[in-house]
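Topology and contacts: notes
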Amino acid sequence: MKIGILLGRGVEGVGLTKNVVEFQNLYPDVEVFATIDKLWQRMDSMKFNVNYFRGADWDEVSKPAKKFPDLMSCTDVIKRLNELDACIVFSVPSKSHPEECGENFLKMLDEIKVRKSLVQVDHKIQSITRNYKLKEICEKVDVLMCHYVENPFGLWVKKQGITTPLTNMGVGFNFTKDRWKPIEEQDPRYIRWVGRSA
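Residues numbered from 1 in each chain as written. Predicted model: local features only at pLDDT ≥ 70, side-chain atom pairs only at ≥ 80, totals over all residues. Heavy atoms only, no water.

**Some thoughts on the overall build of the protein**
In plain terms, the rule: The helix count covers DSSP runs of H or I at least four residues long, the strand count covers runs of E at least two residues long, and both are numbered beginning at the N terminus. Here the globule rule is a power law, 2.2 Å times the number of residues to the power 0.38, and the radius of gyration is based on C-alpha atoms. Contacts are assigned to residue pairs that have any heavy atoms within 4.5 Å of one another. Areas reported here follow the Shrake-Rupley algorithm with a probe of radius 1.4 Å; residue values treat only the protein chains shown as occluding. Note that His is not counted, nor are the chain ends; the positive residues are Lys and Arg, and the negative ones are Asp and Glu. By convention, charge coordinates are those of NZ in Lys, CZ in Arg, CG in Asp, or CD in Glu.
If you tally the helices and strands in the protein, you get six helices and seven strands. In the protein, the succession of α and β elements from N to C terminus is β-α-β-β-α-β-α-β-α-α-β-α-β. Its C-alpha radius of gyration of 18 Å places the protein within 12% of the 16 Å reference for a compact globule of 198 residues. At a minimum sequence separation of 6, the contacts of the protein that also span at least 24 residues come to 65%. A total of about 11,800 Å² of accessible surface is found on the protein, and carbon and sulfur atoms cover 51% of it. If you average the places of the 30 positive and of the 27 negative side-chain charges in the protein, the two averages end up 5 Å apart.

This is the structure in structure tokens:
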């Protein structure tokens, strides 16, 4: 199965990005497309294959960017995603993104004809409500996924009367690749903790 990932908020370099990196590590053929309408301080904190596009540029790239020499337009991304089998939306533009980026993102979801899902990893309602027209976006995809359907996002979906199916999902991490050393091989002077900072 050929899968495309859409990052409407861009590459933030935080936990959500780590989820995408691990997904791509598990399935190396996954193609990732991320907006550059808003750049994030930690966007270069993780190395992975990603194609960049300016969400405000519908048909053609309005201006080149040295840092992103292969910049795409929204229609370029739509064309490529429609050649794949499925699209997973890991993030959507925020309310502070340019309005053209948010509106074009809504149009993109209409034009992407393969099955689409939205993954919501935020745990706080304040973060969830900072997304651009999230109710409309949720109604344009085929399935919604979150860590637990009774979490703030799941409750928000029900309160909004959104009828798109909502389901639990796990966190993808390749434990085989990054497994702990046997206790006999560990250096007792080091303390390692797997948590948010990891």
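Text resumes after the structure shown.
**Points about the state of the cysteines**
Here is the rule: Two cysteine sulfurs form what is called a disulfide whenever their separation falls within 2.5 Å. Whether a residue is buried, partly exposed or exposed follows from its accessible area with a 1.4 Å probe, protein chains only, as a fraction of its type maximum: under 20%, in between, or over 50%, in that order.
Under the counting rule described, the total for this entry stands at zero disulfides. Cys-138 takes part in no disulfide bond, and the closest cysteine sulfur, belonging to Cys-146, lies 10.0 Å away. According to the relative accessible area criterion, Cys-138 is buried, its value standing at 0%.

**Here's the deal with the side chain of Thr-35**
This is how the line gets drawn: Definition of a polar contact: a pair of N or O atoms within 3.5 Å, with one able to donate and the other able to accept a hydrogen when the atoms are protein atoms, and with sequence-neighbouring residues admitted only if both atoms are side-chain atoms.
Looking at where Thr-35 falls in the secondary structure, it is placed in strand β2 (residues 31-35). Within the structure, the side chain of Thr-35 is placed 2.9 Å from the backbone oxygen of Gly-8, a separation counted as a polar contact. A polar side-chain atom of Thr-35 sits 3.2 Å from the main-chain amide nitrogen of Gly-10. Setting aside chain neighbours within four positions, we find Thr-35 in contact with Leu-7, Gly-8, Arg-9, Gly-10, Val-11, Tyr-52, Phe-53, Gly-55, His-97 and Cys-101.

**Examining the packing of aromatic side chains**
Rules: Two aromatic rings from Phe, Tyr or Trp, using only the six-membered ring of Trp, form a pair when their centres are within 6.5 Å; if the ring planes differ by under 30 degrees the pair is stacked, by over 60 it is edge-to-face, and anything between is tilted. When the NZ atom of lysine or the CZ atom of arginine is within 6 Å of a ring's centre and also within 35 degrees of its normal, the charge is said to sit over that ring.
Counting across every chain of the model gives four aromatic pairs. If you follow Lys-107 out to its NZ or CZ, it ends over the ring of Trp-58, 4.3 Å from the centre.

**Brief notes about helix α3 (residues 99-111)**
Basically, it comes down to this: Under the convention used throughout, the expected extent of a helix is 1.5 Å for every residue step, that is, one less than its residue count.
When the terminal C-alpha atoms of α3 are compared, their 18 Å separation across 13 residues agrees well with the 18 Å that a helix rising 1.5 Å per residue should span. Of all the positions in α3, only Cys-101, Gly-102, Asn-104, Phe-105, Leu-106, Met-108 and Leu-109 are classed as buried.

**Some remarks on the sheet that holds strand β3 (residues 51-53)**
The test is simple: Strands were regarded as paired on the criterion that DSSP finds at least two bridges between them. Throughout, an axis means a line fitted to C-alpha atoms (over the contacting stretch in the case of helices), and angles, computed between N-to-C directions, take values from 0 to 180 degrees.
On the basis of which strands lie adjacent, the open sheet formed by seven strands has the order β3-β2-β1-β4-β5-β6-β7 and parallel pairing. At either margin of the open sheet sits one strand with a lone partner, and together these are β3 and β7 (166-168). On average, adjacent strands in this sheet sit at an angle of 25 degrees to one another, irrespective of strand direction. Relative to strand β6 (residues 143-146), strand β5 (residues 115-120) runs parallel, the two sharing four bridges. By the bridge assignment for β6, Leu-118 is matched with Leu-144.

**Examining the pattern of salt bridges**
Where we set the bar: Note on definitions: salt bridges are taken to be side-chain nitrogens of Lys or Arg within 4 Å of carboxyl oxygens of Asp or Glu.
Within the structure shown, the criterion is met by 10 salt bridges. Linking Glu-22 and Lys-18 is a salt bridge whose minimum nitrogen-to-oxygen distance equals 2.8 Å. Taken together, the residues span about one helical turn, with Glu-22 and Lys-18 both in helix α1 (residues 15-26) at a distance of four residues. In this structure Lys-18 comes out as partly exposed when scored by relative accessible area, which is 31%. A salt bridge links Lys-158 to Glu-150; its shortest N-O distance comes to 2.7 Å. We classify Lys-158 as partly exposed; its relative accessible area is 46%. Judged by its relative accessible area of 38%, Glu-150 falls in the partly exposed class. Shared partners join several salt bridges into a network, and the residues in it are Glu-31, Lys-79, Arg-80 and Glu-83.

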